[in-house]
Amino acid sequence: MADQHPVSPEGSIPPAALALRWEEPPEGPVLVLLDQTRLPAEEVDLVCTDVPALVEAIRSLAVRGAPLLGLAGAYGIALAAARGFDVDEAAESLAHARPTAVNLAYGVRRAVAAYHAALRDDADDAQAAAAALAEARVLHREDAEASERMAAHGQALLEELLPAGGHRILTHCNTGALVSGGEGTALAVVKSVHRAGQLRRLWVDETRPLLQGARLTAYEAARAGMAYTLLADNAAGSLFAAGEVDAVLIGADRIAADGSVANKVGSYPLAVLARYHHVPFVVVAPTTTLDPATPDGAAIEVEQRPGHEVTDITIPYVPLPGQEAGTGVPVAPLGTQAHNPAFDVTPPELVTAIVTEDGVISPVTADGIAELWARSRSGNGMMSI
C-alpha cells in the first residue's frame, strides 16, 4: 500500500535527502520515496507500507535509476521482514520488477543474504529483520561514498582529456541525486566540474518519451545553479556539428563482461555521433552495475515499456480541467503500434572510458572489466587502467 504526501519545495533541501528514506512511525516502518513522476511541478512523498506498493513504484518510475533501485530493493526486503511478510516471495517480486537494471537484483540479494544469515545464527524474526535493514543502510552508505569517488575520478579524467577547461558537457536521461544515495553518477561528475568553475555549459537531452532530462536533470541543474540548456534529443547532432560539445557523460543500468553498456534509450546514437565528431563518450557507473554474468551486449535483456508512453504525451503533474494527473493526451492515431525499448546498448569500442568508484577503464575491454570486477570484490581499493 502506498500513500502520497506533499513535500514543500521551498528551502534548500537537496533531492538527495528526499529520493528515498526509511522511517518508523508508530503504525510501523515505511519506505518513503520522492515520487519522480510528479517532478518538477510537485515534490510529493510516496509512502510504501508493503512490497507490492514498492514494486508498483519501481515499474511506474516513481523511483528509478540503477543505484537507487539497488537501495530500493534492499530496503524493500527490510520492509517485508519488518512487517512480517514472506521475504523470499518479496525478493522474487522485487528482483524482477525491472529486468535491465542489475543493481535492483544486487540490492535484493544483499539484504536477503543478511536476513538468512541472521536466521542461521539463531536470530528471531525481529533480529533478522534488523539485520536486513542494517545491510540496506550499509549499501546506502556505500553508494553515497561511491558517488563521491566517481565524481573525483570523472573530474580528473575530464581534466586529462580536456586540459583547456571550460567544459561543454552533453548528458542524457537523469543521473544525479535522484538516482543515488549520494550525488549520482554522471551528473555527480558534472556537479564536481561545476563547483571547480570549469563547467561552461551543460547540454540536457530532454530524453523521450518520459522526459527524464527535461523534468529531472534540468530540475537538479537549476537547484545546483549550473549553466544549462535543454534540447530535443534529435537536436544533439546539430550541436556536435557546430563544435559545441566537448564531452558526453551518461550513466548505465548494466555493463556486460565485454564492456557493452545498457543505458536509457538514445544513448547509443550519442555514442555514434561522439565517435564521428571525435568527442569523448564517457560512462559513469558504480561497480555494482558491472555484470560479469552477462557476456556481451546481445545478452542484455532490454525492458520493453508500454506503447502509450510513445503514442501519448503523459501529464504527470497536477490535474488539468477535465483530466486526471498521470493520464495521457494522444498524439498518434488510435490503434497505432509503438516500439518503446527503455534502453539501448552501446558497444565497448564506442566508449572512451568507464568511470567507477574504483577507477577508470580506458580503453574499455573485457580484460579491463574483469580486472576491475575482481579488485572491487576483493576490496583492494582504487584502480586506474
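Please read these numbers as outputs of a predicted model, since none were measured by experiment.

Across the seven residues of strand 6 (residues 199-205), five count as buried, placing the element largely inside the fold. In terms of strand pairing, strand 5 (residues 167-171) meets strand 6 through five bridges, oriented parallel. By the bridge assignment for strand 6, leucine 170 is matched with tryptophan 203. Handedness of the crossover is the feature at issue here: the chain leaves strand 5, passes through helix 6 (residues 186-195), returns alongside strand 6, and the resulting connection is right-handed.

On to the packing of aromatic side chains, then. Enumeration over the complete set of coordinates arrives at one aromatic pair. Centroid distance tryptophan 22 to tyrosine 75: 6.1 Å. Interplanar angle 25°. Geometry classified as stacked. With tryptophan 22 in strand 2 (residues 20-23) and tyrosine 75 in helix 2 (residues 66-82), the pair connects residues that are 53 residues apart, well separated along the chain. On the basis of relative accessible area, tryptophan 22 is assigned to the buried category, the value being 13%.

Summarizing the sequence annotation, UniProt attributes the feature "site: Transition state stabilizer" (unreviewed entry) to Cys173 in the numbering used throughout. With respect to the element layout, cysteine 173 can be found in the loop between strand 5 and helix 6. In this view, cysteine 173 contacts Arg64, Thr207, Gln212, Gly213, Thr217 and Lys264; residues no more than four positions away in its chain are not counted.

This part takes up the layout of surface pockets. Of the volumes computed, that of the second largest pocket is approximately 300 Å³. In this structure, the second largest pocket is lined by 19 residues; those nearest its centre are Glu142, Ala146, Thr287, Thr288 and Glu357. Elements supplying a minimum of two residues to the lining of the second largest pocket: helix 2, helix 4 (102-120), helix 5 (125-161) and helix 11 (366-378). Residues that form the lining of the second largest pocket fall into these classes: six nonpolar, five polar and eight charged.

The next point concerns the sheet that holds strand 7 (residues 228-231). The strand order across the open sheet formed by seven strands is 7-6-5-8-11-16-17, and the pairing between neighbours is mixed. Two strands bound the open sheet, and with one partner strand each, they are strand 7 and strand 17 (359-361). The mean angle between the axes of side-by-side strands here comes to 25°, regardless of whether they run parallel or antiparallel. Sheet topology note: the strand 6/strand 7 ladder contains four bridges and is parallel. Within strand 7, the residue paired with aspartate 205 across the bridge is leucine 231. Here helix 5 sits on the sheet and contacts strand 5, strand 8 (247-250), strand 11 (281-284), strand 16 (353-356) and strand 17; the angle it forms with strand 16, its principal contact strand, is near 145°.

Turning next to the nonpolar core. Among the nonpolar cores identified, the biggest contains 46 residues, and Leu20, Leu33, Leu54, Ile58, Tyr75, Ile77 and Leu94 are the most heavily contacted of them. Considering every element that reaches this core, the biggest residue donor is helix 2, with 11 residues. If we skip the residues at most four places from it in the chain, leucine 94 touches Val51, Leu54, Val55, Ile58, Gly73, Gly76, Ile77, Leu104 and Val108. Listed in part, the 27 residues of the second largest apolar core include Ile255, Val261, Leu290 and Ile354.

Under the local residue numbering, the UniProt record ascribes the feature "binding site: substrate" (unreviewed entry) to Arg64, Gly65, Ala66, Arg98, Gln212, Asn263 and Lys264. Put simply, the named residues that line the largest cavity are Arg64, Gly65, Ala66, Arg98, Gln212, Asn263 and Lys264. Here arginine 98 shows up in the loop between helix 3 (87-95) and helix 4. Here arginine 98 falls in the buried class, since its relative accessible area comes to 7%. Setting aside chain neighbours within four positions, we find arginine 98 in contact with Ile58, Leu61, Arg64, Leu69, Leu104, Glu303, Arg305, Ala342 and Phe343. Mapped onto the fold, lysine 264 is located in strand 10 (residues 261-264). The class for lysine 264 is buried, based on a relative accessible area of 8%. In this structure lysine 264 touches His172, Cys173, Thr207, Arg208, Pro209, Gln212, Asp253, Ala342, Phe343 and Asp344, once residues within four positions along its chain are discounted.

Take a nonpolar patch on the surface next. On the surface, a nonpolar cluster with roughly 220 Å² of combined accessible area is contributed by Ile313, Val329 and Val331. Owing to a relative accessible area of 37%, isoleucine 313 belongs among the partly exposed residues under this scheme.

Here we take up the packing of helix 1 (residues 51-59) against helix 3. Closest axis-to-axis distance for the helix 1/helix 3 pair is 10 Å, and the angle between their directions is 10°. As far as their axial angle goes, helix 3 and helix 1 are roughly parallel. Within the contact between the two elements, helix 1 uses Val51, Leu54, Val55 and Ile58 and helix 3 uses Ala90, Ser93 and Leu94. Partitioning the contact of helix 1 with helix 3 into residue classes produces six nonpolar, one polar and no charged.

Reading the values: rules and limits
- Residues numbered from 1 in each chain as written.
- Predicted model: local features only at pLDDT ≥ 70, side-chain atom pairs only at ≥ 80, totals over all residues.
- Heavy atoms only, no water.
- Buried < 20%, exposed > 50% of the residue type's maximum accessible area, 1.4 Å probe, protein only.
- Helix = DSSP H or I, 4+ residues; strand = E, 2+ residues; numbered from the N terminus.
- Pairing = 2+ DSSP bridges.
- Right-handed = clockwise from strand over helix to strand, strands pointing away.
- Phe/Tyr/Trp six-rings, centres within 6.5 Å; stacked < 30°, edge-to-face > 60°.
- UniProt positions renumbered as here; feature names shortened; annotations may be inferred.
- Contact = heavy atoms within 4.5 Å.
- 1 Å grid on protein atoms, 1.4 Å probe; cavity = no way out; pocket = protein on both sides within 12 Å on 5 of 7 lines; lining within 4 Å.
- Points joined across faces, edges and corners; volume = space filled by probe spheres on them.
- Nonpolar A, V, L, I, M, F, W, Y, C, P; charged D, E, K, R; others polar.
- Axes fitted to C-alpha atoms, helices over the stretch in contact; angles between N-to-C directions.
- Core = buried A, V, L, I, M, F, W, Y, C linked by side-chain atoms within 4.5 Å.
- Patch = residues over 30% accessible without salt bridge, like charges linked within 9 Å, V, L, I, M, F, W, Y side chains within 5 Å.
- Areas by Shrake-Rupley, 256 points an atom, 1.4 Å probe, with all protein chains shown as cover.
- Salt bridge = Lys/Arg side-chain N within 4 Å of Asp/Glu carboxyl O.
- Parallel < 35°, antiparallel > 145°, perpendicular 65-115°, else oblique.

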